[in-house]
Amino acid sequence: MTPTHNFDPRIDAYIAKAKPFAQPVLIHLRELVHKACPNVVESIKWSRPFFEYKGVILGNMSAFNEHCSFGFWGEEIGAVLREANIIQDGGMGSLGRITTLKDLPSNKEMLGLLKQSAAFIDSGTYTSPIAARNKVVKAPKAELETPAEFTKALKVNKKAAKVFADFSPSCKREYIEWIADAKREETRDKRITQAVEWIAEGKQRNWKYQNC
């Protein structure tokens, strides 16, 4: 039996108001979170149940009319989920549309992921909300086209080109979006120059916010 001293009565009420199909799913997810991370703290944010550990969001769950969702938070656990092909599209969270307990990964797998997510926080490698853009881990976006000028600049700097080629899709996207968002040609050129310099040094776009 999971101890209830960290249970928030507002989440009890949220589950009680959920559709009948959703209640066992929410109860099960809640118990898994507490089993994996006994010191987790429950809260309500944006009218949904959230789980926080050491002041950092570990995850959240939601119930809708026809499905539930569970979201893992943090870029590091997101990379783990993508590598394992666990992330599912079609829902608000990381695991897609959950309608029954059968839609969830096995208990062993879920506990492992939750413990790993907490471990990232313990070790200080959890990416800050600024760098992670404060979003739930979702399925990857469609690949962006690299600006021609950026491609040319990378070809000139072979070291930067090699580092960029080894970057993950999300790291590449951050640089591409930053350059593409420039309103003026002068600004875009400055960003390309800065990007190539940082990339050659092995730095990601938001390196200033990372615990290196």
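Residues numbered from 1 in each chain as written. Predicted model: local features only at pLDDT ≥ 70, side-chain atom pairs only at ≥ 80, totals over all residues. Heavy atoms only, no water.

J.: Please explain the overall build of the chain as it appears in this structure.
T.: Regarding its fold elements, the chain presents eight helices and four strands. Along its sequence from the N terminus, the chain presents helices and strands in the succession α-α-β-β-β-β-α-α-α-α-α-α. The buried share of the chain, reckoned over its 212 residues, is 42%. Looking at the chain alone, contacts between residues at least 24 apart form 62% of all its contacts between residues at least 6 apart. Summed over all atoms, the accessible surface of the chain reaches about 12,000 Å², with 53% contributed by carbon and sulfur. (Helix = DSSP H or I, 4+ residues; strand = E, 2+ residues; numbered from the N terminus. Buried < 20%, exposed > 50% of the residue type's maximum accessible area, 1.4 Å probe, protein only. Contact = heavy atoms within 4.5 Å. Areas by Shrake-Rupley, 256 points an atom, 1.4 Å probe, with all protein chains shown as cover.)

J.: Looking at this structure, I do not really get the pairing of strand E1 (residues 41-45). What am I missing?
T.: Here is the key point about a regular strand: its side chains alternate between the two faces of the sheet. In terms of strand pairing, E1 meets strand E2 (residues 48-53) through five bridges, oriented antiparallel. Each bridged residue has a counterpart across the sheet, and for Ser 43 the counterpart in E2 is Phe 50. As consecutive antiparallel partners, E1 and E2 are separated by two residues, and within that stretch Trp 46 has a phi angle of approximately 50°, a positive value. (Pairing = 2+ DSSP bridges.)

J.: Can you help me understand the packing of helix H6 (residues 158-166) against helix H8 (residues 185-200) in this one?
T.: Each packed pair of helices is defined by two parameters, the angle between the axes and the distance between the axes. Interaxial distance between H6 and H8 falls to 8 Å at its minimum, and their mutual angle equals 75°. In terms of axis orientation, H6 runs roughly perpendicular to H8. For the pair formed by H6 and H8, the contact residues are Lys 159, Ala 160, Val 163 and Phe 164 on the first element and Val 196, Ile 199 and Ala 200 on the second. Its residues assigned to classes, the contact of H6 with H8 comprises six nonpolar, no polar and one charged. (Axes fitted to C-alpha atoms, helices over the stretch in contact; angles between N-to-C directions. Parallel < 35°, antiparallel > 145°, perpendicular 65-115°, else oblique. Nonpolar A, V, L, I, M, F, W, Y, C, P; charged D, E, K, R; others polar.)

J.: Explain the pattern of salt bridges here, please?
T.: Scanning all chains against the criterion turns up 14 salt bridges. Between Lys 54 and Asp 122 there is a salt bridge, and its shortest N-O distance comes to 2.6 Å. You can see Lys 54 sitting in the loop between E2 and strand E3 (56-63) and its partner Asp 122 sitting in helix H4 (residues 107-123), a full 68 residues away along the chain. Its salt-bridge partner being Arg 188, residue Glu 185 comes within 3.7 Å of it at the nearest N-O pair. Placement of both Glu 185 and Arg 188 in helix H8 is noted, with a separation of three residues, approximately one turn of the helix. Three or more residues are tied together by salt bridges with common partners; here these are Glu 149, Glu 185, Arg 188 and Asp 189. (Salt bridge = Lys/Arg side-chain N within 4 Å of Asp/Glu carboxyl O.)

J.: I would appreciate a short explanation of the packing of aromatic side chains in the present structure.
T.: Scanning the model with the defined rule gives seven aromatic pairs in all. Plain terms: the ring middles of Trp 178 and Trp 198 are 5.8 Å apart, the flat faces sit at 15° to each other, and that makes the pair stacked. Highlighted residues: Trp 178 in helix H7 (residues 169-180) and Trp 198 in helix H8, separated in sequence by 20 residues. In this structure an aromatic cluster arises from ring pairing among Phe 150, Phe 164, Phe 167 and Tyr 175. Over the aromatic face of Trp 178 sits the side chain of Arg 205, whose NZ or CZ is 4.1 Å from the ring centroid. (Phe/Tyr/Trp six-rings, centres within 6.5 Å; stacked < 30°, edge-to-face > 60°. Lys NZ or Arg CZ within 6 Å of the ring centre and 35° of its normal.)

J.: I'm lost on the sheet that holds E3 in this one. Help?
T.: Each strand in a sheet pairs with its neighbour through backbone hydrogen bonds, running either in the same direction (parallel) or in the opposite one (antiparallel). One open sheet accounts for four strands, arranged E1-E2-E3-E4; its pairing is antiparallel. Looking at the sheet topology across the chains shown, the edges are occupied by E1 and strand E4 (68-72). Taken over all neighbouring pairs, the strand axes of this sheet differ in orientation by 25° on average, direction set aside. Sheet topology places E2 next to E3; four bridges connect them, and they run antiparallel. Across the sheet, residue Phe 51 finds its bridge partner in E3, namely Gly 59.

J.: How should I be thinking about the nonpolar core in this particular structure?
T.: A general feature of soluble globular proteins is that nonpolar side chains tend to end up buried together. Counting residues in hydrophobic clusters, the biggest one holds 38 residues, and the most contacted among them are Leu 26, Met 61, Phe 70, Phe 72, Leu 95 and Leu 114. Counting residues per element, the ones that place at least two in this core are helix H1 (9-17), helix H2 (22-36), E2, E3, E4, helix H3 (75-83) and H4. One finds Phe 164, Ile 176, Ile 192 and Ala 195 within the second-largest nonpolar core, a separate group that totals 16 residues. (Core = buried A, V, L, I, M, F, W, Y, C linked by side-chain atoms within 4.5 Å.)

J.: Got a minute to help me understand H8 in this structure?
T.: The α-helix winds at 3.6 residues per turn, so residues separated by three or four positions along the chain end up facing the same way. Here H8 spans 23 Å end to end across 16 residues, near enough to the 22 Å set by a 1.5 Å rise per residue. Residues Ile 192, Ala 195, Val 196, Trp 198, Ile 199 and Ala 200 constitute the buried set of H8. For H8, the elements touching its buried residues are helix H5 (148-156), H6 and H7. (Expected span 1.5 Å × (residues − 1).)

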